[in-house]
Every structure is written in structure tokens, then in C-alpha cells.
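Survey of secondary and tertiary structure
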Amino acid sequence: MSGTLLFRGVRLEGGPVTDIIVADGTIAETGTALSRAGARQIDADGLIALPGLVDLHTHLREPGYEASETVLTGSRAAAAGGYTAVFAMPNTSPVADTAGVVEQELALGDAAGLVTVQPIGAVTVGQKGERLAELGAMAASRARVRVFSDDGFCVWDPLIMRRALEYVKSFDGVIAQHAQDPRLTEGAQMNEGRVSAELGLAGWPAVAEEAIIARDVLLAEHVGSRLHVCHLSTAGSVDLIRWAKRRGIAVTAEVTPHHLILTDELVRGYDARYKVNPPLRRDEDVRALREGLADGTIDIVATDHAPHPDEAKSCEWQSAANGMVGLESALRVVHAAMVETGLLDWPDVARVMSRTPARIGRLSGHGRPLAEGEPAEFTLYDDSASGVFGEADLRGRSRNSPYLGRSLPGRVRWTVHGGRVTVADGELAEALT
Ligand SMILES: [Zn+2]
């Protein structure tokens, strides 16, 4: 669906009511009682207009693991969730550690055409943590990589981390760290604490995340480079980031929707949909993460969308894969955890789910104001809707969502990417044509 579109009666970030005219890929006009000859009129009365969401942490699984997800199916999940851009993590097969692979990823995203797919490059060759990948070549490639991560693995060697931080400075890049000390988490099955002791499962202690974050913010300060910390999960991590920011260190941090709403109590049922890395933590961690996001210590919400086929999840807890899908549910979970609780308002949601992730990743054309002359990248959200999250809400290839069967507020009604409708009245537009 393209051509000129006239959306009637949206609320800009939950505030002023306006019409939006989209033409030639841009927001051509905003205002009340607009009209334009030949435009298709869409009743969007009362829907909240947000800048298209930007996910700094998505696993698209292609190339190599297409049984879990492809760039196309992941793009569908993203559009359905209100996203117009996703950053694709490099733990594919082959690993995205060269200009060739990141350019292939970029081309797959362009071919799917539903969201901007911005590749993330690996920090080390094969994500093995032994020697630096071709960071400069990936930065200079057509994929223009600015975010580098070995996500799934921690860049554990402090000298390699230092060199990576030094290297990316020259092109304004950032290292996104999966903070997990590998020795302290060997064999870990869940959060280390009261529940793990009761269940007799090997624990993943908070200190394994916090020790790496403490080291890395000091390295970032020493080098004078940008550090981004992926999926904060503990109260102590929030304290460390707060300390580092006060000190003026160039660090940013993300939290996942699931760490804002789920706790390790859920592990008691041994349902592997709740198995994720870093693991679900305690109630007091959830509270600290919410407070950190509300007071700006944590900069963004990122999904860590991690699709897995049924056989990787419908097995016993110990052998199940880590990860949850999250693109389709993220905005609704943030609505429940942060907006309904009064911790964030809709302009804050626009900041933590669109503007700031675009800025951290140096992605132009996204996270922009919803104003005349700006790129038409936005989503329209019905905050008065609610419903049980079900299989029909999942638009990617995998079904490993922890929210199936749970009631969640809200619903994404429309998503517009590059001036084209990708979601029309709650349905993927490509399915309608
Ligand atoms: Zn990770």
C-alpha cells in the first residue's frame, strides 16, 4: 500500500490530535482537518502516533539458522510490533565478521523491504574472542556498521576489549557488550539465588554481569570511547551504570521487556519458554530496572528477540536453548510495565524505543520527530485495546514467546516504513495484497 495516505485524528506521542499526510516517503503535512486530492483516507481516531520503533538488539538467524527465523520473517515480526528498523546481531553462520557478510545481511533486509535492517558486526573473528574482526572494513562497507558486538558471548579478554574500544573511536563506533563472565557462569541454568537453591539448578550470579560492566566502564573511560551494555538484568548493574554516567563515562545501557516484567519464580514450572540469557532475576531486580529506565540511567529498551524452533524449547530445562522472541510483544509489555505503572509517558516511550536507539546506533532516517518533511517512519498504537497474547500475534517463524496466554494491553494498528504501509489495521500489509 503506497501512494498518498491521509491518517485522520492521531495523537502525536499521546498528546495533540492531528492528521498526517504521507506522500513520496515523507510526512508531507500535519495539522487538523487536512485534505488532499487522491489521498487514501484512514480513520486513525485516537491512535497514538510514535516514531517507528528501533530495536538495537535483534537476532534474525539468517544466514545459517533459517529454521528459527529469516531476515524476511524477522522483518514481519518487527513490523507487526511497530518497528521500522532493527539492528541484526552477528551470531549467524557464517558469523557477520567481514564486510562481505554484513553486506549480504544488508541486501537481505533491503529485499524483504519491511523494515530497515542494519547489520551489527562481530567484535572478534568468529565471535571466538581471540582476535579482532575487520572492524574498519565493516565500517567502510556499504552496510556502514557502527555497532559491534559478540553478543551471545562476552568479549572477556580485557586487552581485546581495550583494543576494540580504541579501534571504533576513529569512526564513531560503539562496542555493545554481552556482560557475562564465562568462568563464573559455567553450567549456569538460571539466576543464582533462593529459587535456584530450592530447585537445585546451577546459578548465574549477578556478580558475573556486574564485574564485567565495572571493568568495561573503566576501560571505556581510560580509552575515551563509547560502550553500550546489552540487556542489563540486575539491580547492581543499574547502580554501576548510574555511577559511570555520573562520572561522565560515555556508556549507554539497554534493558529487555522481559527483564522489566518476569522473574525467576517462573522457572519453578520448568517451562523452557522462560529460559533466557541473562536469566530472569528477582523481583527487586525488576524494580531496580524499571526505576533505572524511568530515571534515564538505562537509555533504551531492546528486545533481544531470539527465535528458536519448538524442538529447542519443548525439551527438558537443562537442554533447552536460551532466548525468547520479543519483537511482536515489546511495545505492549513496555506499556504494561512502564506506562500503566506511571513510570513513563508516551514521549518517554518514543525516546527509549526509537529516538535513543537510533542515536546510539548512528542510524539516520529513524527516531526522527513526527513533523513535516521528516521521513515517514511511524507506528500507530491503540492504547485502549487489550487482549490475550496468542499465536496469531506471532508473525515470525518461531513461537517461543513467554507471553502466550497472558493478557497484555494495547495493539499496534498501523506501521509505516519509508512511506509504505507495512501493517494495516493490525494485519501485515503484504498478506493483504
Ligand atoms: Zn546477549
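These numbers come from a predicted model, not from an experiment. (Residues numbered from 1 in each chain as written. Predicted model: local features only at pLDDT ≥ 70, side-chain atom pairs only at ≥ 80, totals over all residues. Heavy atoms only, no water.)

**Focus: the overall build of the protein chain**
- Counting secondary structure elements, the protein chain contains 11 helices and 19 strands.
- Here the C-alpha radius of gyration of the protein chain, 21 Å, is about what a compact globule of 433 residues would show, namely 22 Å.
- Counting only residues that meet the buried cut, the protein chain has 61% of its 433 residues in that class.
- Entry remark: accessible area of the protein chain is about 15,500 Å², with carbon and sulfur atoms responsible for 49%.
- Between the mean site of the 43 positive side-chain charges and the mean site of the 58 negative ones, the protein chain shows a separation of 2 Å. (Helix = DSSP H or I, 4+ residues; strand = E, 2+ residues; numbered from the N terminus. Rg over C-alpha atoms; globule rule 2.2 N^0.38 Å. Buried < 20%, exposed > 50% of the residue type's maximum accessible area, 1.4 Å probe, protein only. Areas by Shrake-Rupley, 256 points an atom, 1.4 Å probe, with all protein chains shown as cover. Lys, Arg positive; Asp, Glu negative; His and termini not counted. Charge placed at Lys NZ, Arg CZ, Asp CG, Glu CD.)

**Side note on the nonpolar core**
- Residues Phe-148, Leu-232, Leu-293, Leu-331, Val-349 and Met-353 are the most contacted members of the largest nonpolar core, which totals 74 residues.
- Filtering out sequence-adjacent residues up to four positions away, Leu-331 remains in contact with Leu-50, Leu-53, Gly-81, Trp-346, Val-349, Met-353, Tyr-381 and Val-412.
- Counting residues in each nonpolar core, the second largest holds 19 residues, with Phe-7, Ile-27, Leu-47 and Ala-376 among its members. (Core = buried A, V, L, I, M, F, W, Y, C linked by side-chain atoms within 4.5 Å. Contact = heavy atoms within 4.5 Å.)

**What to know about the coordination of the zinc ion**
- Only Asp-151 (OD), His-178 (ND1) and His-231 (NE2) from the protein reach the zinc ion as donors, at distances of 1.9 to 2.2 Å.
- Positions of the donor residues of the zinc ion, expressed as sequence spacing, correspond to D-x26-H-x52-H. Of this pair, His-178 sits in the loop between β10 (174-177) and β11 (190-191) while His-231 is found in the loop between β13 (227-229) and α7 (235-246), placing the two residues 53 residues apart along the sequence. As far as burial versus exposure is concerned, His-178 and His-231 are alike and both buried. (Donors = N, O, S within 2.8 Å, 3.2 Å for Na, K, Ca; no water.)

**Some thoughts on the sheet that holds strand β6 (residues 53-58)**
- Here three strands make up an open sheet; going across it, the order is β6-β7-β8 and the pairing parallel. The outermost strands of the open sheet, each flanked by one partner alone, are β6 and β8 (116-119). If you compare each strand with its neighbour and ignore which way they point, the axes differ by 20° on average. (Pairing = 2+ DSSP bridges. Axes fitted to C-alpha atoms, helices over the stretch in contact; angles between N-to-C directions.)

**Description of helix α4 (residues 158-169)**
- The terminal C-alpha atoms of α4 lie 17 Å apart, and with 12 residues this matches the ideal 16 Å at 1.5 Å per residue to within 8%.
- Listed in full, the buried residues belonging to α4 are Ile-160, Met-161, Ala-164, Leu-165 and Val-168. Projected onto a plane normal to the axis of α4, the buried residues spread over an arc of 135° and lie on a single side.
- Where α4 is buried, its residues touch α3 (135-140), β9 (147-148), β10, α6 (206-223) and β13.
- For α4, the N-terminal capping position is held by Asp-157, with its side-chain oxygen 2.8 Å away from the main-chain nitrogen of Leu-159. (Expected span 1.5 Å × (residues − 1). Arc of directions from axis to C-beta. Polar contact = N/O pair within 3.5 Å; in protein donor to acceptor, adjacent residues only side chain to side chain.)

**As for the sheet that holds β13**
- Spatially, β9-β10-β13-β14-β15 is the arrangement adopted by the five strands of the open sheet, whose pairing is parallel. Each of the sheet's edge strands pairs with one partner strand only, and the pair in question is β9 and β15 (300-301).
- Of the pairings in the sheet, the one linking β9 to β10 comprises two bridges and is parallel in character. Within the sheet, the bridge partner assigned to Phe-148 lies in β10 and is Ile-175.
- Running at roughly 145° to β10, α4 makes contact with β9, β10 and β13 of the sheet.

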